[in-house]
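Structural overview
Listed here are the chains, written in short residue letters.
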Amino acid sequence: MRGRILSAAVGVLTLVAAHPAAAQAPEPYRIGMTAAITGPFSAGYAPTYEAYRTYFKRVNEAGGINGHPVVITYEDDRGEPQRAAAAAKKLTDGALLLINASISPTYKPVMTEAEASKTPLLFGGGVCPREAFPPAAPLIFCTTSFGSKWDSRMALGFIKEQSGTKKVRVGFAAQDIPLSRIELEFAEQHARELGMDTIPVVVVPGAASDFTPFAQNLKDAGADWVFSWAPWGVEIGVFEALHRIGWKGNYILYGHQPAQDELTRLRAPNLHALTGNAMFIESLLIHAEITKLVQGQTNHPAHYMAEGWTSAMVLEAGLRKCGWPCTREKLAQALSSVSVDTRGLRGGPIEMTADNHYRRATYYKVYRWDAGKNAIVSVGGWSKLDIK
Amino acid sequence: MAALGGGYFKTSYEADLALVDTRLRRVALGALVVALLVLPRFASGFVLDLVSQAAFAAIGALALNVLTGLAGQISLGHAGFLAAGAFTTAALVERGLVSPLVTLPATALVGGVLGLVVGMPSLRLKGLYLALGTLAMHHVVLYAAGEMQARAGGNTGFTIPPPRLGGLVFRGTVAWYYALVVLAALVLFLVVNLQRSRAGRAWMAIRDRDVAAASVGIDVARYKLSAFVWSSVVTALAGALFAYHRGFVSVEAFGFFVAVEYIAMIIIGGLGSALGAVLGAAFVTLLPYVIDALVAGVSPDAAQYYVFPAKFGAFGLLMALFLLFEPLGLVGIWRRVRNWFALWPFRHRPLRASS
Amino acid sequence: MAQALATTLVVASLYALLGAGYVLVYRASRVLNLAQGDLLTLGGYFLFATAATFPGAPVLALPLAAALSALTGVLVYVALMRPMAGHPVFAAVLVTVTLGILLRAAIVLVFTDRTRHPLQNLGLSNPPRPLAGGAVVSTFDLVMVGAAVAFFAALFVFLKVSPLGIRMRAAGERALLASQRGINFHGVFALSWALSAFAGGLAGMIYSSNVRLEPSLGILGLRAFAVALVGGLDSLGGVVPAALLVAAVEVASVRWGNPLLSDVSPFLCLLVMLLVRPWGLFGTKEELERV
C-alpha cells in the first residue's frame, strides 16, 4: 500500500517537473537603486524612483530583456550620506549595477562602496559628477540632464545673449554643498571672462527657514541677473525671496522637476528655467505616452518623470547590449558604447563612449512664463554643447 | 536581587555579593553566552548585523542610563556626545592617525572634557532647565561638527578605514559582531558594578533628593559631574565605534532624533535599570525591521513611500504608550511576568520580602 | 538698515506667536511643548487641506483651519497631557516629543514630502509692499506682524479683563488653590492648550502662505523655544522683548556676521541666558539650588 502511494507520488512529481510551465522562472537582471524617495529633497529624486518602477514594470510585462526580467531593489536614503552608505553596502551584494538618484552629499560614500566592490555606478537623477566626464572613470556613468561646468557655460552664454551690448552685473546663489559652491565659483570666473561684472557667490544653508537676508545681500549688491545652480529648494527659495523684497532683475536657474509647476504658479516673467529635458507643455508623442503609462501609479505628476524615464531608457539599452549572461564588467563595457534615441525627451541622442560616460553632446532649452500668452514658452530652441 | 520568600538563603558574604546568585541564573547566563558565541554559525549576515546594532545601541543606552536613570540628570544632548566621539576619530584619521590605540584614548579624553563642560550647568540647573541646556549644547556641538565637516570633510563627510589592532583587521559582519557584543557585555558589567558601588549609591541618592544627599555628606557637585563625565566618555567611545563600524561619518547622522531614540530606549526599557537599558536598546533597534516586514506584508509594491513615516509613527506611538501606561517599562513588565511565575499560585509577595 | 529692521520685526512676530504658545502651555501644564513647531506645520497643512476643499474661498478656509488647530490643542490636552498629570516633568516633556513625531509621521503619510503652496488654492496673492526707508516686505510678512499684534492685544484684554481669563491666570499660578476655589482647571487648561495650538497654527498658516509648506517646518519651533526661555517660561509679557532680541541677533548674524551662524544663534542666546539668568528676563525666579 505504501509502495503504491510512493510510486504514484513519484509519477506525479515527474509529470509536474516535465511540464513546461513548471520550468524554472528565468534568472533576473539584478539592479540596486539608492534614492531620496522621502525626505526634504524627494521632489527632485523620488520621481526617478517612480519612473524606473513604472518603466521596468512595463518592460517585464512585455517579456523582459533578452528573455529575462529586470529586478530592481530600492533603498530610501532620504538624501542622507549615512543612509546612502548603508544602502550601498546592502545593495552591492549581488547587484550588476548600482543607481544613485539622490543629492550630491551622498556621492562620496556610494562611490567608495561601488569602487570597493567593482560595481558599475549609474547616476540617474542627481547632478553628474566629473568622474563621468572625459576622461571617464571606468565604472561611473551618468544620464542626468544637468552636469557641472556645462550648465554654467550655457547659462552665462544665455545671459550674455539676452543682455546684448549692455554691461550686466551677475550674482550667484549656491547651497552650502561642495558641488553647488564649486560650480558657482567657476561660473563667477567664467562670467568675468565673458566680460560681465560679478558679485561674490552668496552661499545659503540648505535648511534655512528664511531666504530673505540672502536675497537682500544680492539685491543690495545691485545684481541685474542672478544665476542659481543647486537643489530646487534653494534655487526657488532665493528667487521667491528676491521677488518678495521687490527685486526687478532677471533670474536663471536649472529647471528641476518642479520647474513646470512653479513657473505656472509664480507667473513671473523674469524667472528663466534652463533645462535639458523638454517640458511636457510641448506635448510631444512621448509625453502623452508617459502620461498614459504612469496614470494612477505614481505620487508625482507625469511631467516629473522625464529625467527618470530617460535614465531608464539608457539602462535598458545597456542591458540589451550586454545580453545574457551579463556580468558587471560586460555591463560597464556595454554602457560605454550605448546610443539611445530619447524621442524628444532631450534635444538629441545620448551617446556614450569608453572615454565619455556623460554624452557626446548635451542639449539645453530655456523656458519662461509669457504673460501675454498666459503660458510657459521656450526662449529659442535647443542649444547644443559638445562634450570634450 | 529580590528575595521572593522562596528557599534562596545566602550563607556567606561572597554568595551575597555575587552578581549571579542562583543556579538557575547561572545556567541561563551560561546558555546565553554559548548562544551568542555560536550564533554566527547558524544565523545569516542580516541577523548578525541586527544583533550588532542592538549591542551598539545598548552601549549608548547604558551610558545614558547611568546619567539619567541612576544619577537623575536629564540630558537631551546624547547625540552630541556621540557626534563628538565620531568626529574626533574622523579628525584624527584625516591627519593620518588611524590606529584605534591612538584614536580611542583621544576620543575618551575629548568626551570627558565635553562631559565636564556640559555638566557644569547641572550644578545650577535642574529638571526642565537642565534638559533645555543640554539640548542647546547639542545644537552647538552639531554646529561645530558641521563646520569641521564643511572645512575638512568636503562637506559631505569623512571616510574611515577599518580599524587595525596589531595584526587584526576588523572588517566584515562576523568580526564586528564579536567586537560589539563583547564590548556591550563589558559595559553592562561595568554599569552593574557601578550600581552597587559607592558612586552608584551616591548617584541614586542625588537622583532621589539631592538636598537630603548633601545633608548626608555626599559631595553632590563632584558626583553630578562624575556622572556626566562617565556617561560622556562611554558615549564618545561609542561614537568612535560607530565611525569605525560604518566607515563613514557625517553630521546629519547625529540629529536630535537620535537623542530621542536613546531616551526612548531607557524609558521603554525601564529607567534606572541596566537590564532595562539593554532590553530597550534591543526593542528600539528591532522595531524598524518589524515595521518593514509588516508594511512589506501589507502592500509590497507601494511600500517605499509609507515605510519611513510608518516607522517614524510607530516609534512615536510606542514611546507615547509606554510613557502613558507603563512607566516602569519593559523591565516592569518582565518583573511582573517573572513574579507571576515565581509566586504562583500566590499572587502577592510576602510582607517580609524586600523591593 | 531699514530692511534689516523690517526683517527683524517679521521674524520676531513669528517667534512671538510661537513663544506665546510655549508660555501658555507652560503656565497650564508646567511643561515645555517641544511639539509646538509641529503644531505650526499642522496649521499650515490644515490650511492647505481646507483651501483644497474650498478653493477660492479664503473666508471659509482660514477660520476653518484655525478652528481645527485649536481643536487639536484640546485633543492633545485631553488625550496626552491630562493622563500625564502627576508624572515627572521629564516624562511629560518626552510625551510632547512623541506628539511631534506622531504629527510629523501623520502629515507625511497623508500629504507626502512634497512642498505645497496653500496660497495657490486660496486665490490670494502675495505681492511685495514697499515701506518707508527703502525696505520692501511681502503682503504676508505684514499679515504676520499684524496677526502677532492682534493676538497679543486680544490675549492681554482676555486675560486681564474677562472672568475666564482671570480664572486662567489663577489656575496657571496655583492650580491647587484655583481648584479649591471652584475653578474647573481642566477646562481652563484645555483652553490654554487650544490657544497655544491656535497661535502655532496661525503662525503656520501665515508662514506657509508667505514662504512654503513642507513637513520639516517644525525646526522653527525649536528656535522659538529659545525665545520662550529668554523671556521667561511663565511670562507672556516677556515673550515680545525676547522675540525681538533673538530675531535681532539672528538677522544681524546673517547680515553682518557669518550667515551659517544664524542657524545656531537662538541656541547661543539660550545658553547665555541659562548660565546668567535661568528664569529668563521676566520670569518668576524659581528655586534653583546652587551646589
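The rules behind the values
Residues numbered from 1 in each chain as written. Chains lettered and ligands numbered in written order. Predicted model: local features only at pLDDT ≥ 70, side-chain atom pairs only at ≥ 80, totals over all residues. Helix = DSSP H or I, 4+ residues; strand = E, 2+ residues; numbered from the N terminus. Rg over C-alpha atoms; globule rule 2.2 N^0.38 Å. Buried ≥ 20, exposed ≤ 12 C-beta atoms within 10 Å, placed from the backbone. Pairing = 2+ DSSP bridges. Axes fitted to C-alpha atoms, helices over the stretch in contact; angles between N-to-C directions. pLDDT = per-residue confidence, 0-100. Core = buried A, V, L, I, M, F, W, Y, C linked by C-beta atoms within 7 Å. Domains from an automatic or database assignment. Contact = placed C-beta atoms within 7 Å. Nonpolar A, V, L, I, M, F, W, Y, C, P; charged D, E, K, R; others polar.

**Describing the overall build of chain C**
Along the backbone of chain C there are 12 helices and 2 strands. The order of helices and strands in chain C, counted from the N terminus, is α-α-α-α-α-β-β-α-α-α-α-α-α-α. A globule of 291 residues ought to have a C-alpha radius of gyration of about 19 Å, and chain C, at 19 Å, matches this closely. With respect to the principal axes defined by its C-alpha atoms, chain C has extents near 55 × 45 × 35 Å. Residues classed as buried in chain C amount to 57% of the 291 residues present.

**Some details on the sheet that holds strand E2 (residues 70-76) of chain A**
Residues and elements named next belong to chain A. Pairing in this open sheet of 5 strands is parallel, and the strands run E2-E1-E3-E4-E5 from one edge to the other. One side of each edge strand has no neighbouring strand; the edge strands of this open sheet are E2 and strand E5 (140-142). The sheet shows a mean angle of 25 degrees between the axes of neighbouring strands, taken without regard to direction. Relative to E2, strand E1 (residues 29-35) is paired through 7 bridges, and the arrangement is parallel. The partner of Gly32 across the bridge, within E2, is Thr73.

**Looking at the confidence of the model for chain C**
Residue and element names in this part refer to chain C. Averaged over every residue, the pLDDT of chain C is 89; the share at 70 or more is 98%. Between the elements of chain C, mean pLDDT differs from a low of 85, seen in strand E1 (residues 128-130), to a high of 95, seen in helix H2 (residues 36-53). On the interface metric, ipTM, the complex scores 0.86, and its pTM is 0.87.

**Focus: the nonpolar core**
What tends to happen in soluble globular proteins is that the nonpolar side chains get buried as a cluster. In this structure, Ala58 and Ala83 of chain B together with Tyr15, Val227 and Leu270 of chain C are the most contacted members of the largest nonpolar core, which totals 341 residues. Examining the composition of this core, we find that 17 residues originate from one element, helix H1 (residues 2-29) of chain C, more than from any other. Here this core spans two domains, since at least three of its residues come from each of domain 1 (29-145 + 282-357) and domain 2 (150-275 + 365-386) of chain A. Dropping the residues within four chain positions of it, Val227 of chain C is found in contact with Tyr15, Gly19, Val239, Ala242, Ala243 and Val246 of chain C.

**Topic: the interface of chain B and chain C**
Taken together, the contact between chain B and chain C spans 34 residues of the former and 31 residues of the latter. Of all the secondary structure elements, the ones that give two or more residues to the side of chain B that touches chain C are helix H6 (127-152), helix H10 (220-246), helix H11 (256-269) and helix H13 (303-325) of chain B. Ranked by the residues each element gives to the side of chain B that touches chain C, the list is headed by H13 of chain B, at 12 residues. When the residues that make up the side of chain B that touches chain C are grouped by side-chain class, the tally is 27 nonpolar, 5 polar and 2 charged.

**A look at unusual backbone geometry**
Between Trp324 of chain A and Pro325 of chain A the backbone carries a cis peptide bond, its omega angle lying at 0 degrees. Among the secondary structure elements, Pro325 of chain A is positioned in the loop between helix H11 (306-322) and helix H12 (328-335). Cis geometry is found at the peptide bond from Trp344 of chain B to Pro345 of chain B, where omega equals 5 degrees. Here Pro345 of chain B is to be found in the segment after helix H14 (329-343). Of note in the backbone geometry, Asn66 of chain A takes a positive phi value of approximately 50 degrees without being a glycine. Here Asn66 of chain A shows up in the loop between helix H2 (42-61) and E2. Exposure remark for Asn66 of chain A: the 15 C-beta atoms within 10 Å place this residue in the partly exposed category.

**Section: the interface of chain A and chain C**
The partner chain C presents 24 residues to the 20 residues of chain A that form the contact. When its residues are assigned to classes, the side of chain A that touches chain C shows 7 nonpolar, 9 polar and 4 charged.

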